Amino acid sequence: QIMIIPVSDRHLEYASLLERVFQENDIRVKLEARSERIGNKIRQAQGMRIPCMVIVGDKEASNNTLSVRLRSGAQVNDLSLDILNNAVKKAILDKEADFKL
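Because the structure is a prediction, the values reported are computed rather than measured.

Quick question: what am I supposed to make of the environment of Ile-55 here?
Looking at the secondary structure, you find Ile-55 in strand 3 (residues 52-56). The exposure class assigned to Ile-55 is buried, which follows from its relative accessible area of 13%. Note: C-alpha distance between Ile-55 and Ile-38 (17 residues apart in sequence) is 8.9 Å. Residue contacts for Ile-55: discarding those within four places in its chain leaves Ile-5, Val-7, Ile-38, Ile-42, Glu-60 and Ser-67.

Can you help me understand the environment of Ile-2 in this one?
For Ile-2, the location among the structural elements is in strand 1 (residues 2-6). When its relative accessible area of 3% is taken as the criterion, Ile-2 is described as buried. Separated by 76 residues in the primary sequence, Ile-2 and Asp-78 have C-alpha atoms spaced 17 Å apart. Those residues in contact with Ile-2 that sit more than four places away from it in its chain are Phe-22, Ile-27, Arg-28, Val-29, Lys-30, Ile-50, Cys-52, Val-54, Leu-84 and Val-88.

Please explain helix 4 (residues 81-93) as it appears in this structure.
Because each turn of an α-helix spans 3.6 residues, side chains separated by three or four positions end up pointing in the same direction. In this model, helix 4 (13 residues) spans 18 Å end to end at C-alpha, consistent with the 18 Å of a helix rising 1.5 Å per residue. Among the residues of helix 4, Leu-84, Asn-85, Ala-87, Val-88 and Ala-91 are the ones counted as buried. Angular distribution of buried residues about the axis of helix 4 spans 165 degrees; they occupy a single face of the element. The outward face of helix 4, more than 90 degrees from its buried face, is lined by the exposed residues Asp-82, Lys-90 and Leu-93. Following helix 4 by one or two positions, Lys-95 adopts a phi angle in the positive range, close to 55 degrees.

When you look at the sheet that holds strand 4 (residues 66-70) in this model, what are you seeing that I'm missing?
Across the sheet, five strands lie side by side as 2-1-3-4-5; this open sheet has mixed pairing. Looking at the sheet topology across the chains shown, the edges are occupied by strand 2 (29-31) and strand 5 (75-79). For this sheet, the mean angle separating the axes of adjacent strands, direction not counted, is 20 degrees. Bridging between strand 1 and strand 3 involves five bridges; their strand directions are parallel. Pairing of Pro-6 across the sheet is with Val-56, part of strand 3.

It is not clear to me how helix 1 (residues 12-24) should be interpreted in this structure. Could you clarify?
Helix length check: helix 1 (13 residues) gives 18 Å between terminal C-alpha atoms against 18 Å at 1.5 Å per residue, within 8%. When helix 1 is considered as a whole, its buried residues turn out to be Tyr-14, Ala-15, Leu-18, Glu-19 and Phe-22. Here the buried residues of helix 1 occupy an arc of 145 degrees about the axis, which is enough to place them on one side. When the buried face of helix 1 is taken as reference, the exposed residues oriented beyond 90 degrees from it are Glu-13 and Glu-24. If you follow the buried residues of helix 1, they end up packed against strand 1, strand 2, strand 3, helix 3 (58-63), strand 4 and helix 4. A positive backbone phi angle near 60 degrees is found at Asp-26, which sits one or two residues after helix 1.

Thresholds applied
- Residues numbered from 1 in each chain as written.
- Predicted model: local features only at pLDDT ≥ 70, side-chain atom pairs only at ≥ 80, totals over all residues.
- Heavy atoms only, no water.
- Helix = DSSP H or I, 4+ residues; strand = E, 2+ residues; numbered from the N terminus.
- Buried < 20%, exposed > 50% of the residue type's maximum accessible area, 1.4 Å probe, protein only.
- Contact = heavy atoms within 4.5 Å.
- Expected span 1.5 Å × (residues − 1).
- Arc of directions from axis to C-beta.
- Pairing = 2+ DSSP bridges.
- Axes fitted to C-alpha atoms, helices over the stretch in contact; angles between N-to-C directions.

Keep in mind that these numbers describe shape and distance, not what the molecule does.
Dropping the structure here:
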């Protein structure tokens, strides 16, 4: 349902925190922790048809926000964790393949 993609290794701590929060809310999540270029990670996630990619960089880690890229191509920046969490839970309850923010 969600793939967390840190921009670099220094963002892994915040990405791991997000992974735990999603897991605690029974949301399937994968942390993409490989040391590859961000573009490669995003392309691979798109190829896997991941519904939601959470991109974590300096701005997101310092502001405790998320940059979200949906399978539909929509991108939302400066999103709170609670809003994304609730949107994913609603999509799971409604049995929707994609969700809206």
